[in-house]
Every structure is written in C-alpha cells, then in structure tokens.
Amino acid sequence: MSDQPGLRERKKQQTWGLIAQTARRLFQERGFDAVTVADVARAADVSRKTVFNYFPTKEDLFYSGLEFFEARLLDAIRERKPGESILAAFERFVTAPRGLLAADDPDAGERLLAINRLIIGSSALLAREQQIYAGYAAALAALIAEETHARPDDIAPWVAANAMIGLHKALVDYARRQVLAGERDRARIAHELRAQARQAVGLLEHGLRHLGAAGSTAG
C-alpha cells in the first residue's frame, strides 16, 4: 500500500505552504506588527477563515514549522541507541546542524539576521516563543515519564525536561546574540554552539551540587 498522501492531503499541504511562505514574505517586507491576518489572506488569495483553519494565531504564521522540531526531538529520544541516555540523545539532536545555520544558501545569513530582528522587535513574537518552549517542555516531560515509568506525582520528569529545554533556549539565545552582534560566519556560530552545549550538558550530567561553590567550575 502506498505511503504517499492522497490528493486531499496534498492540497492541504500546498495551501499550508502557500500561506506560510506568503506570511513570511510580508513579515520581512513590512515587519511583523504591521501585517494583519487579512493582509496575508489577500496576498495568498485565500479567506481569513482559511488562514485561521491552518494557523490559529498570527504568531503561528511566523513560527510555522516549529511543530516539526518538537516531533523530531521526541523521535530522536524514542529511537536513541541501546544504552544511550535521554540527555545524550537530546544533546546529539540539538547540536546537529539544521535550519539557516546549516543551509547551503548564500543569503541564509541575511535571512537569519532578518528573522531575529523581527523576533526581538515584537513583544508578541517573544511571548509566543516562550509558549512554544513551554510546550516543548511539557511534551518532553511526558515522554520522559513514559520512558522511565515515573509515578504520576513524580516531578523528576518535569525537572529534567525543563532543564533540557532551558539548555536549548539558552543555545538559541546565544546564537541570536551572535547574529545580532554582526557575526556572519554561520559555521563559527554552529561550532561555538556545540562547545556551549557540551559544557552545559556536563553541568546537567554532574548535577548542580557544587555549582558556585568555592573553587568549582561549571564545565
């Protein structure tokens, strides 16, 4: 039996892609706050209702595709190698080259700068970004609880998930600061991200017992 999506599903995917691409173009041309959902609908030649059917909020138009990141993250943990820890699988996933940092595109650096300028210039986008991180943490906590057979009242999966997603958030913030400060060497940013991740994972692996104690180091 074929795994290819049917005609109806392909049309839905095409409409999703058209709306998302149109929104990103308008946001880059005018700024996020200056574009309305009606503007996106007109430019994509669809109704406002159709836009909202695919994207519940305007912020979701900007962050379209991040739901795939969550699904791939959870898959990486579920499908980790025998004997590999959840933390090790998480580190391997979040440090893998992806997105505009790894894109074979001469304009990727400028696009990366434009996207991050849009985010820091909009309180709505910054707030939605925090909601996305919270959703990642909740999904990861549920998976950790399942994988470790935790009791329903056990907070350990939540602590572990929030620590790991906090690490991911810190890496994103680090890359953003580098880009906004004028760094255009995406390979260098990616290299530094991996180094930062290794240091942070070491902190999580060895625990926080000695953090800040006299003579101790974080790495």
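It should be emphasised that the depicted structure is a prediction, and the values quoted were computed from it without experimental measurement. (Residues numbered from 1 in each chain as written. Predicted model: local features only at pLDDT ≥ 70, side-chain atom pairs only at ≥ 80, totals over all residues. Heavy atoms only, no water.)

**Observations regarding the overall build of the protein chain**
Line of reasoning, step 1. Check the secondary structure of the protein chain and you find eleven helices and zero strands.
Line of reasoning, step 2. Helices and strands appear in the protein chain in the N-to-C order α-α-α-α-α-α-α-α-α-α-α.
Line of reasoning, step 3. Expressed as a percentage of its 219 residues, the buried residues of the protein chain come to 35%.
Line of reasoning, step 4. Carbon and sulfur atoms form 53% of the exposed surface of the protein chain, whose accessible area is close to 13,100 Å².
Line of reasoning, step 5. Taking the average place of the 30 positive charges on the side chains of the protein chain and the average place of its 28 negative ones, the gap between the two points comes to 3 Å. (Helix = DSSP H or I, 4+ residues; strand = E, 2+ residues; numbered from the N terminus. Buried < 20%, exposed > 50% of the residue type's maximum accessible area, 1.4 Å probe, protein only. Areas by Shrake-Rupley, 256 points an atom, 1.4 Å probe, with all protein chains shown as cover. Lys, Arg positive; Asp, Glu negative; His and termini not counted. Charge placed at Lys NZ, Arg CZ, Asp CG, Glu CD.)

**Description of helix α6 (residues 86-94)**
Residue pairs three or four apart in sequence face the same way in an α-helix, which turns once every 3.6 residues.
Line of reasoning, step 1. Three or more residues of α6 are buried, namely Ile86, Leu87, Ala89, Phe90, Phe93 and Val94. Each buried residue of α6 lies within a common arc of 160 degrees when the element is viewed along its axis, so the set occupies one face.
Line of reasoning, step 2. Contact partners of the buried residues in α6: α5 (66-78), α9 (123-148), α10 (156-180) and α11 (186-206). (Arc of directions from axis to C-beta. Contact = heavy atoms within 4.5 Å.)

**Thoughts on a nonpolar patch on the surface**
Line of reasoning, step 1. On the surface, Ile120, Leu126 and Leu180 cluster together into a nonpolar patch covering about 220 Å² of accessible area.
Line of reasoning, step 2. Secondary-structure assignment places leucine 180 in helix α10. (Patch = residues over 30% accessible without salt bridge, like charges linked within 9 Å, V, L, I, M, F, W, Y side chains within 5 Å. Salt bridge = Lys/Arg side-chain N within 4 Å of Asp/Glu carboxyl O.)

**Re the nonpolar core**
Most often, soluble globular proteins have nonpolar side chains that are buried together.
Line of reasoning, step 1. Counting residues in each nonpolar core, the largest one holds 55 residues, and the members touching the most others are Phe27, Leu61, Phe62, Phe90, Leu140 and Ile165.
Line of reasoning, step 2. Sorting elements by how many residues they give to this core places α9 first, with ten residues.
Line of reasoning, step 3. Leave out the neighbours within four places in its chain, and phenylalanine 62 touches Phe27, Phe32, Ile115, Leu118, Ile119 and Leu125. (Core = buried A, V, L, I, M, F, W, Y, C linked by side-chain atoms within 4.5 Å.)

**Here's the deal with α11**
Line of reasoning, step 1. The end-to-end C-alpha distance of α11, which contains 21 residues, comes to 30 Å, matching closely the 30 Å that a straight helix rising 1.5 Å per residue would cover.
Line of reasoning, step 2. Inspection of α11 places Arg186, Ile189, Ala190, Leu193, Ala197, Val201 and Gly202 among the buried residues, and these make up the whole buried set.
Line of reasoning, step 3. Buried residues in α11 make contact with α6, α7 (99-102), α8 (108-120) and α10. (Expected span 1.5 Å × (residues − 1).)

**Section: empty space enclosed by the protein**
Line of reasoning, step 1. What the rule picks out here adds up to one cavity of 30 Å³ or more.
Line of reasoning, step 2. There is about 40 Å³ of room inside the largest cavity.
Line of reasoning, step 3. Surrounding the largest cavity, Gly109, Leu112, Val179, Glu183, Arg184, Asp185, Arg186 and Ile189 form its lining.
Line of reasoning, step 4. Among the elements of the structure, α8 and α11 are those that each provide at least two residues to the lining of the largest cavity.
Line of reasoning, step 5. Of the residues that constitute the lining of the largest cavity, the class distribution is three nonpolar, one polar and four charged. (1 Å grid on protein atoms, 1.4 Å probe; cavity = no way out; pocket = protein on both sides within 12 Å on 5 of 7 lines; lining within 4 Å. Points joined across faces, edges and corners; volume = space filled by probe spheres on them. Nonpolar A, V, L, I, M, F, W, Y, C, P; charged D, E, K, R; others polar.)

**Points about the environment of glycine 65**
Line of reasoning, step 1. Looking at the secondary structure, you find glycine 65 in the loop between α4 (58-62) and α5.
Line of reasoning, step 2. Sequence separation of glycine 65 and alanine 20 is 45 residues, and the distance between their C-alpha atoms is 8.9 Å.

**Description of the pattern of salt bridges**
Opposite charge on two side chains makes pairing possible when the charged atoms of those side chains draw close.
Line of reasoning, step 1. Taken as a whole, this structure holds 13 salt bridges when the rule is applied.
Line of reasoning, step 2. Between arginine 30 and aspartate 39 there is a salt bridge; the shortest N-O distance is 3.6 Å.
Line of reasoning, step 3. Between aspartate 60 and arginine 128 there is a salt bridge, with the nearest N and O atoms lying 2.8 Å from each other. Here aspartate 60, found in helix α4, pairs with arginine 128, found in helix α9; they are 68 residues apart in sequence, far enough to count as distant.
Line of reasoning, step 4. Its relative accessible area of 15% is what places aspartate 60 among the buried residues.
Line of reasoning, step 5. Ionic contacts of the salt-bridge type, sharing partners, join the residues Arg30, Asp39 and Arg42 into one network.

**A word on the layout of surface pockets**
Line of reasoning, step 1. Taken as a whole, the largest pocket encloses approximately 1,300 Å³ of empty space.
Line of reasoning, step 2. If you trace the largest pocket, you find 39 residues lining it, with Leu66, Arg98, Gly99, Leu100 and Leu112 closest to the centre.
Line of reasoning, step 3. Only α1 (7-30), α5, α7, α8, α9, α10 and α11 provide two or more residues apiece to the lining of the largest pocket.
Line of reasoning, step 4. The class makeup of the residues in the lining of the largest pocket is 24 nonpolar, eight polar and seven charged.

**Digging into unusual backbone geometry**
Line of reasoning, step 1. For aspartate 45, which is not glycine, the phi dihedral falls at a positive 60 degrees.
Line of reasoning, step 2. Here aspartate 45 shows up in the loop between α2 (37-44) and α3 (48-54).
Line of reasoning, step 3. Positioned with a positive phi, histidine 149 is a non-glycine residue whose angle comes to about 55 degrees.
Line of reasoning, step 4. Mapped onto the fold, histidine 149 is located in the loop between α9 and α10.

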